[in-house]
Amino acid sequence: MVSLADSMTGDHPARPVLVLSNNPEAGGLEKARARGIATAVVDHRPFKGDRAAFEAAVSAALEAHAPDIICLAGFMRVLTADFVGRWQGRILNIHPSLLPKYRGLDTHARALAAGDTEAGCTVHEVTAELDDGPVLGQARVPVQPGDTPDTLAARVLEQEHVLYPAVLRRFAGGDRRPVYLP
Ligand code: NHR
């Protein structure tokens, strides 16, 4: 989130209008405030599994700032088809694997268990299906001998911080062609 926010300066076609979290304790909220970006919290817990009501509150908070693009960054609540439809074609996510490989969780452990020699991350459009929307960019990293899920995750995260801003810049300029790094 910080990499995205800090990238939107100068001739960048976008500016950050809101940082929203479902977690009142999220460290990103303070980082956003420090940058003068509006923040909102919609805690999912009081909704007790009523995803429609939770998402109605999220959409209301978003609508107050009229975003053109929504970037998920570590957002861990599955979004329903209704929410995705409301913001159709305007939600991006970054996922820590080379999709279509390893949708879902524990991607680095699964890549290592499979003996993969490369790993990476993917920015994709969010659709109703999890980790399934059109690919907007990918970055690759080598798997090194002795890698653990944590060392591999750290190498991929460095690339996430490069790839996501590169994709957002292109996407915000109206260009949906994928970005491939390196
Ligand atoms: N929603 C839709 N409709 N489509 C996608 O592609 C989405 C999405 C919501 C989040 C991020 C994704 C990831 O990058 C994402 C992509 C959380 C879960 C999950 O199972 C799945 C995928 C992603 C994020 N969440 C559980 C839930 O019940 C909660 C898990 C937890 O709290 O630890 O929502 O990996």
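First things first, this report covers the structure right here in the doc. Note that the structure is predicted; figures quoted are calculated from it, not measured.

Here we come to the sheet that holds strand β7 (residues 179-181). Strand pairing in a sheet relies on backbone hydrogen bonds, with the paired strands running either antiparallel or parallel. The 5 strands are arranged β3-β4-β5-β6-β7 in an open sheet whose pairing can be described as mixed. A single partner strand is all that each edge strand has here, and the edge strands are β3 (70-72) and β7. Neighbour to neighbour, the strand axes of the sheet diverge by 10° on average, direction disregarded. Relative to strand β5 (residues 118-125), strand β4 (residues 91-95) runs antiparallel, the two being bridged by 4 bridges. Note on β5: the bridge partner recorded for L92 is E125. In this fold helix α6 (residues 149-172) packs onto β3, β4, β5, β6 (135-142) and β7, with an angle of close to 150° to the strand it touches most, β6.

A separate point is the pattern of salt bridges. Under the counting rule described, the total for this entry stands at 12 salt bridges. A salt bridge links D43 to R45; the nearest nitrogen and oxygen atoms lie 2.8 Å apart. One salt bridge in this structure joins D175 and R170, with 4.0 Å as the shortest N-O distance. A network of salt bridges, in which partner residues are shared, links R170, D175 and R177.

Over its 24 residues, α6 extends 33 Å from the first C-alpha to the last, a length consistent with the 34 Å expected when each residue adds 1.5 Å. Most pronounced at E160, the bend in α6 amounts to some 25°.

Basis of the calculations
- Residues numbered from 1 in each chain as written.
- Predicted model: local features only at pLDDT ≥ 70, side-chain atom pairs only at ≥ 80, totals over all residues.
- Heavy atoms only, no water.
- Pairing = 2+ DSSP bridges.
- Helix = DSSP H or I, 4+ residues; strand = E, 2+ residues; numbered from the N terminus.
- Axes fitted to C-alpha atoms, helices over the stretch in contact; angles between N-to-C directions.
- Contact = heavy atoms within 4.5 Å.
- Salt bridge = Lys/Arg side-chain N within 4 Å of Asp/Glu carboxyl O.
- Expected span 1.5 Å × (residues − 1).
- Bend = angle between axes of the 7 residues up to and from the residue.

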